[in-house]
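Structural description and commentary
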Amino acid sequence: MTVRKALTQLVLALALPVVLVAVWWFASAGSTSFFWPPLSRIVEVFPETWDAERLVNDVLPSLARLAIGYSIALVAGVALGSAIGLNPTLRAFLEPTLEFFRAIPPPVLVPIIALFAGYTGWTSKIVTIALGCLWPILLNAVEGVRGLDEVLVDTSRSYRLRRRTHLFQVVLRGSSPQVAAGARQALSIGVILMVISELFGANRGLGASIVQFQRAFAVPQMWTGIILLGLIGFALSVLFRVVEHYSLAWYRGLRQADRGA
Amino acid sequence: MTSLFPTTRRTAPADRTRPSTTPGDHVSTPSSDVALDVRALKKIYEGAGRQVEAVRDLTFSVARGELVCIVGPSGAGKTTLLRGIAGLLPLTSGEVVLDGARVTGPPAGMAVVFQEYGRSLFPWLTVRQNVELPLKEKGLKKAERREKVEAALEAVGLADSGDAHPWQLSGGMQQRVAIARAVAYEPSVLLMDEPFAAVDAQTRADLEDLVRTLWHRLGVTVLFVTHDIEEAVYLGQRVLVLSNRPTVILEDVTVDLPDVRDQLETRSTARFAELRHHVYELVQKAKKGYRPDGEAV
Ligand SMILES: Nc1ncnc2c1ncn2[C@@H]1O[C@H](COP(=O)(O)OP(=O)(O)OP(=O)(O)O)[C@@H](O)[C@H]1O
Ligand SMILES: [Mg+2]
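All figures in this text were calculated on a predicted structure; none of them were measured in a lab.

Turning our eyes to something else, we now look at the coordination of the magnesium ion (ligand 2). Residue and element names in this part refer to chain B. Coordination sphere of the magnesium ion (ligand 2), protein contribution only: Thr-79 (OG1) and Gln-115 (OE1), at 1.8 to 2.2 Å. Here Thr-79, found in helix 1 (residues 78-85), pairs with Gln-115, found in the loop between strand 6 (110-113) and helix 2 (127-138); they are 36 residues apart in sequence, far enough to count as distant. Residue Gln-115 is classed as partly exposed on the basis of its relative accessible area, which comes to 30%.

Below, the structure is given as structure tokens:
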């Protein structure tokens, strides 16, 4: 890509956010509404609201719980999904039940999980995040493994690849594009659950902070929290794209080649 | 190219121009010289209330180091037969015996070049990694692997494409990667399912000669499926002509051409023309539904 083309892309990508921020800035300028403070005021209180103390004691723990819960979901989802995808009997046995649990919106599980794991600790929050993230990853992993090209599987068998090699080099690599699609969905669910898991009876955390600002009528501070959440979600999805871009380069190439043919 | 796999040469049957079609007439055909024995192979596909009898009854044997071609109409069950031999398909009845042992799963020392060559290459691996993976599984040392991979790629004319991914190559090149992978594996039995279907005429001629060369050099037993009658006669020591589905063998044609074959010379001999004519007629008959005597359709 030429520099000129890259610049054009950057300008295109930034144009709308810049316009939206500008509109917000000028529309809210001089606003006297209590719930709708001027953007300039929100920006002003941002640094003092999210100071080092708050970052270490609220934001980082929330992100850590997200990372742990998401990782558990990823590992469990891929492991369980591969097992189910590879084994028709297991699939017939589990699939209806999985479909049922999947249909339950994760947030309603929060009170139930809290009953078992307690309201205040990390466990209930991590379990909430992990459970919510599990479904898209699991179901996509099952589909990805089932959708493996049978000729590839035959090739692997006829060259007598060991089970381990077959699993890691063929099954997991082959299903990775589909798993990535599930993992992307799971990431946004994870961010939502990171907040929701803190709404009930937590006193520290990003989500808990926002609720506390709202209850204390610290409206500009509440807005800074929402903005911070948006920025975090955006950063995570960019990070995800970068990882995907490099690890699934072969898949993009393959798709392009297929389209060209 | 002459330095390819010098250590793995196996002693091939002394007289390649006289393959054994009937066990009695070959100079030295003790039963241990039969590499592959297909006995009364039958395959009925069962699917959603529909039964397809793909292969009815196939019986033949292939001597060690022999090169046998299989021709038959499209849908005759050639792929089914190869997959059965490769241990990739549960048979309805009958059995496949390889080196005296009954095949129940993919046997060691067998390589298959699939008809869907493009789909048989791992798209997330480079060409070189694709060829190397089976060698890794065999436990070969890195230096040895490297050497065999490069030699195999060189042999199929892809020495420069090792770092490409399969999807960056043309169909014919992908085909050759699949062949290189099979060759580098140094199998004792090589099954090829219409391996040259996607390559241009010139490359095809080169690859045909490559198969003959490698076969001579490695002493490997080759079963080669093709729909091209000329190719079958040019390559094989025998040509098995299959009937329409449900499949039986129409005729086992011995190709009594000299062992040294040449694209121009061999193809212009009178004997080649005769054999081609004969096999062509058989295939035409097969397409029209002709079956061997006494066989009810
Ligand atoms: N998995 C399957 N399920 C049901 N029927 C099948 C299956 N595979 C093949 N068949 C049927 O068995 C018959 C033989 O198929 P096969 O692929 O072995 O033929 P072929 O001789 O290799 O054909 P071609 O020359 O077109 O490659 C066909 O009628 C096909 O429809
Ligand atoms: Mg076929």
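From this point, the narrative continues.
Residue and element names in this part refer to chain B. Around ligand 1, 13 residues are found, and the nearest of them are Ser-74, Lys-78, Thr-79, Thr-80 and Gln-115. One of the backbone N or O atoms of Gly-75 is found 2.9 Å from an oxygen atom in ligand 1. Gln-115 has a polar side-chain atom sitting 2.8 Å from an oxygen atom of ligand 1. Across the complex, the protein chains shield 64% of the 630 Å² of accessible surface that ligand 1 would expose by itself. Elements with a contribution of two residues or more to the shell around ligand 1: strand 2 (50-63) and helix 1. Here the shell around ligand 1 gets three residues from one element, more than from any other, and that element is helix 1. When grouped by side-chain class, the residues that make up the shell around ligand 1 number four nonpolar, six polar and three charged.

What follows deals with the interface of chain B and chain A. Across the contact, 27 residues belong to chain B and 23 residues belong to chain A. Interface area for chain B against chain A, summed over the two sides, is near 2,300 Å², with a carbon-plus-sulfur share of 62%. Contact with chain A buries area across many residues of chain B, yet Trp-124, Glu-137 and Trp-167 of chain B alone supply 34% of it, more than any other trio. Remark: the boundary between chain B and chain A carries three salt bridges. A salt bridge links Arg-162 of chain A to Glu-137 of chain B; the nearest nitrogen and oxygen atoms lie 3.3 Å apart. For the interface between chain B and chain A, the tally reads eight residue pairs in polar contact (both at pLDDT 80 or more).

What counts and what doesn't
- Residues numbered from 1 in each chain as written.
- Chains lettered and ligands numbered in written order.
- Predicted model: local features only at pLDDT ≥ 70, side-chain atom pairs only at ≥ 80, totals over all residues.
- Heavy atoms only, no water.
- Donors = N, O, S within 2.8 Å, 3.2 Å for Na, K, Ca; no water.
- Helix = DSSP H or I, 4+ residues; strand = E, 2+ residues; numbered from the N terminus.
- Buried < 20%, exposed > 50% of the residue type's maximum accessible area, 1.4 Å probe, protein only.
- Near = heavy atom within 4 Å.
- Polar contact = N/O pair within 3.5 Å; in protein donor to acceptor, adjacent residues only side chain to side chain.
- Areas by Shrake-Rupley, 256 points an atom, 1.4 Å probe, with all protein chains shown as cover.
- Nonpolar A, V, L, I, M, F, W, Y, C, P; charged D, E, K, R; others polar.
- Contact = heavy atoms within 4.5 Å.
- Buried area = accessible area lost by both parts, 1.4 Å probe.
- Salt bridge = Lys/Arg side-chain N within 4 Å of Asp/Glu carboxyl O.

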